[in-house]
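The primary structure of each chain is shown beneath.
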Amino acid sequence: MIKDYENKIGSTISSTEQSESKIKLGRTTKKNLDAQLSRLLSSAPSSPKLQTVTPEIQKTIDKCARRSKSCLEGSKVRCTITSERLAQLRKTVENAVKEHRIFSIKGGWPVIRKELLKRNWIEKSEHGNKQRFSNAEDVISNLPARQDWESPTTYVEKCERTVMSRMLSAHDCDLYWSMRKEPSDLQHRGNAYKLINRFSRSLFASKEGLALLLQQSYWYLEENIANINFPRCYVLGFPDHYNIFLDDFRMTACMGILKWFTERYESKKEVHSIDGTVPHSAFNFAMDRCAEYIAGQRHQDIDKEFNRVWDHEWEQFLGYFYSVVHNNEHFMDFKQDKLLNCYAQAKIRLKEMAKHWPQFELDGMRNIWIMKPGNKCRGRGIQLVKSIAEVDKMMGLKVKYVVQKYIEKPLIIYKTKFDIRQWFMVTNVQPLTIWMFRDSYLRFSGQNFSLHDFHESLHLTNHAVQCKYANGQQRDKALPDDNMWDCHSFKAYLKQLGCLDKWSQVIVPGMKQNIVCAMLASQDTMDRRPNTYEIYGADFMLTEDFTPWLLEVNCSPDLSFSTSVTSRMCPQCMEDIVKVVVDKRKDPNADTGLFELIYKQNYPRTPPYLGMNLSVRGRKVFRSRMRIAKSEGKEHRDKIICQTSRLKRNPELIKAEVLSDAVASKALPKLLSSDIYSGPVIEDLIEELHKTIYDTDSGVDFVLPATQKSNSIDVIAKKKPTSNRGDRVPKLFLSRRRTNQKHSSLSRKANGNEITSQKRMPNYRRRYFGLFRQWVSTSQDSARTRTLAKDSKWEKGTASILKNEYHSKTINKTLIRNVQCLNMYTFDLNKLLPAINSSFQLYRFARETF
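Calculation rules
Throughout, a residue's number is its position along its own chain's written sequence, starting from 1. In keeping with the predicted nature of the model, local features appear solely for residues at pLDDT of at least 70, side-chain atom pairs appear and are counted solely at 80 or more, and the whole-chain, interface and lining totals rest on all residues. Side-chain calculation: all heavy atoms of the structure are included, whereas hydrogens and water are not. Here the axes come from fitting lines to C-alpha atoms, over the contacting stretch only for helices, and the angles between their N-to-C directions go from 0 to 180 degrees. Secondary structure elements follow DSSP: runs of H or I no shorter than four residues count as helices, runs of E no shorter than two count as strands, and numbering proceeds from the N terminus. Orientation categories follow fixed angle ranges, with anything under 35 degrees roughly parallel, anything over 145 roughly antiparallel, 65 to 115 roughly perpendicular, and all other angles oblique. Less than a right angle of anticlockwise turn of the near helix away from the far helix marks a crossing as left-handed, whereas a clockwise turn marks it as right-handed. Contacts between residues were defined by any pair of non-hydrogen atoms, one from each residue, lying within 4.5 Å. Under the scheme applied here, ten amino acids are nonpolar (Ala, Val, Leu, Ile, Met, Phe, Trp, Tyr, Cys and Pro), four are charged (Asp, Glu, Lys and Arg), and all others, including Gly, are polar. Throughout this description, the term nonpolar core refers to a set of buried Ala, Val, Leu, Ile, Met, Phe, Trp, Tyr and Cys residues connected via side-chain atoms within 4.5 Å. Relative accessibility under 20% of the residue-type maximum defines a buried residue, over 50% an exposed one, and the middle range a partly exposed one, all with a 1.4 Å probe and only protein chains included. Two strands pair if DSSP finds at least two bridges between them. Aromatic contacts are taken between Phe, Tyr and Trp rings whose centres are within 6.5 Å, Trp giving its six-membered ring; a plane angle under 30 degrees counts as stacked, one over 60 as edge-to-face, and the others as tilted. Think of it as a cone above the ring: NZ of Lys or CZ of Arg counts as a charge over the ring if it is within 6 Å of the ring centre and within 35 degrees of the ring normal.

The protein carries the name Tubulin glycylase 3A-like in an unreviewed UniProt entry, which gives Dendroctonus ponderosae as its organism.

Written out as structure tokens, the structure reads:
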């Protein structure tokens, strides 16, 4: 009953304190408060056991009265804000809104708040979203009261921050910092430009998620950048994981009994005795299972079948394993020769297993595993197990567990187990950007390390677990009472051992590579929201060779000032978070404190998409094709055959010469018969054949020189080899197809002077001039061509040819053939082969004629 009255009195006082901040001074006085207390006491029911106020009740009443008195006295001091100061505060708020310097913090975090205020950021209280302040009187009314511990300056600053926060009621914050993930944070995530200190999902931060994600970590291994050392872990909620764990557990027991045998033999301890209860078959069973595993890794089991091992045989072997390794029983008596032989065989078998078993040195010989709840933290629900029956018992619970191989040979300091807590921060997911804090701290166990006792105080180094137990009396005095070291103390210890270089060469690079590989394996499942960052805590265990092994990754790591080490490191970490998140965004050269950029993903630049652009680049090959007149007869054909010897000496002229059927069958590839192919031809080839063969004007097309830009005229030029007539210029045969009735005047340059033909020239003369200009522009020997162009002998020779009316008329009559043009996209190539052959012969005839 006394406690009930104490609670009522306390609630009355607290309600008075709350109402005091909402009403004006003088509305509630000490006299009114005393009257309320007296009425409360007089209304108490009478009891024979409670005739007067006991000392405990009086003490409580006095305490509540002192609290109310201090509260009322403090409320007498009010902050007065002038209109000039209010205008300055309003201008400051407007500048902060313009420069995006508004933050909102949910929870304590005094260091984060202090650092942001130091950078002229303005805090917006959470209640500002609900309450609206329309005028200046509402902004400066009902300011908070001054407390006893507040100085006048501090109190004025608090009131001004309250006023500015009320002015920001209609504006959204630019940085939001929360204590933990809450459903109310979704309204802040809608603004993609807002900085938020939590990712919406981090599957790797749970033990179950990390175990599943790291199964694909081998895809992300990169030398000196990303590597993972993670004790093998299985999620018991999946049947396939349980079966794999069962096989792993059995094979680890086989190796454990062989390790026990060789270690005891080398240390000259008893392995067998007359009173031994474990038969030799247990040793042979373990040897056979290891041999089968090695054969499977070497793919020798493809053509060989091994005997099936039944479950009852495994259970019998595991019983022998517990008796030998955990209960210190011995094998039955061996003969001395057989004992030495078994030791040699076990040593060889273990050496072969070390090549194929990835975590051979990590396992030890006791086959101890650790059970962890999949989604719990602070060491809750963690147990050590050594048998399948204990694992099956945990699987029957509703909580999903993971089972992980326990590190039986950790690095210990003064006979005490420890782990390392390393902070790192992810500031972007696409591309992945990781910062690691340079300092870290060690967490010690309060008891000496032993594998014979599975109590959590020996094996769990979490501060939440160790603070529940007192440190052991046998613990070394060199260890700290608060069970924490910073990395500098650990480096001093390594220096005493002569292993100082292990920190910078093995431990720190190993932790970086583990973090990078774990984040790369988890990148696809992470929240890709921009302007998001989060601090994580990675727990590492060191083995005897100083190799760091990643145990788990924690989101929302403990940044409280729990010990002397964290009281120094946590404020420094939070200050540097603001440097990376705020200062680094504005200034790329800004100081980042103790945070070091250990990984930034490089993405290749995506080429701009310009649509489909399918094209073929190259040069067209032009060739003059003409028919040989049938009237020439056999004599002219013999002349063609006589020049085959010259073609053999100059194979490059085969394409330019016309060959007979006999020579062509030997020098050129065989043509298919007309019955085999009857399909379309490439458009470029069809176009050239159409322009060259089927033309109603001259029968031959040619393209104008590069200087004349015309889409309607095509010219083909063929150069004749130099003749044996001294300095006579090589002659050219030219032809032109008229695409329209109008012809532009032709011009050429001779000896640097431009000569333009004003008089309309005949068609065949224009063909000669046009082909000559084409030959000049496309000839391989440009110097030779320019020399010929300036030679007066060439002009005289050309003029004599142009005046020969007999030859011009004969050529025109021979070349012009009225052949109906076919569709250049659909005609058959086989029908054009005879025409092509005859055009080669016609070209030969024209060349010999001129």
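Draft legend 1. Quick peek at the packing of helix H10 (residues 239–266) against helix H15 (residues 388–395). Contact pair H10 / H15: the axes reach a minimum separation of 12 Å and the direction vectors enclose 165 degrees. When the axes of H10 and H15 are compared, the pair comes out roughly antiparallel. Regarding H10 and H15, the two cross each other, and that crossing is right-handed. For the pair H10 and H15, contact is made by Tyr242, Phe245, Leu246 and Phe249 and by Ile388, Val391, Asp392 and Met395, respectively. In terms of residue class, the contact of H10 with H15 is built from seven nonpolar, no polar and one charged.

Draft legend 2. Spotlight on the nonpolar core. Ranked by internal contacts, the top residues of the largest apolar core, which has 52 residues, are Ile413, Phe418, Phe424, Ile434, Phe490, Ile507 and Met519. Looking at this core, the element that brings in the most residues is helix H19 (residues 501–522), giving eleven residues. Those residues in contact with isoleucine 507 that lie beyond four places of it in its chain are Ile420, Phe490, Leu494, Lys502, Leu542, Phe546 and Pro548. Ranked by size, the runner-up nonpolar core spans 50 residues in total, among them Ala286, Val309, Phe321 and Trp357.

Draft legend 3. Seen up close, the sheet that holds strand E2 (residues 122–123). The four strands are arranged E2-E1-E3-E4 in an open sheet whose pairing can be described as parallel. With one partner strand each, in any of the chains shown, E2 and strand E4 (195–196) form the two edges of the open sheet. Both strand E3 (residues 175–178) and E4 contribute to a ladder of two bridges, which runs parallel. Looking across to E4, one finds that tyrosine 176 is bridged to isoleucine 196.

Draft legend 4. The arrangement of the packing of aromatic side chains in detail. Within the structure shown, the criterion is met by 31 aromatic pairs. Between tyrosine 242 and phenylalanine 245, the ring centres sit 6.4 Å apart and the planes meet at 50 degrees, which makes this aromatic pair tilted. With tyrosine 242 and phenylalanine 245 both in helix H10, this residue pair falls three residues apart, about one helical turn. In this structure, tyrosine 242 and phenylalanine 245 share a single accessibility class: buried. Three or more aromatic residues joined by ring pairs make a cluster, and in this case those are Tyr414, Phe418, Phe444, Trp485, Phe490, Tyr493 and Trp503. Positioned above the aromatic ring of phenylalanine 285, the side-chain terminus of arginine 289 is 4.6 Å from the ring centre. Across the ring face of tryptophan 369, the terminal group of lysine 405 is positioned such that the distance to the ring centre comes to 5.8 Å.

Draft legend 5. Looking closely at the pairing of strand E8 (residues 401–405). Counting buried residues in E8 gives five out of five residues, a clear majority hidden from the surface. Side chains of E8 alternate between two faces, with Tyr401, Val403 and Lys405 and Val402 and Gln404 buried alike. Where strand E5 (residues 233–235) meets E8, three bridges bridge the pair, whose relative direction is antiparallel. Counterpart to valine 235 in the pairing with E8 is valine 402.

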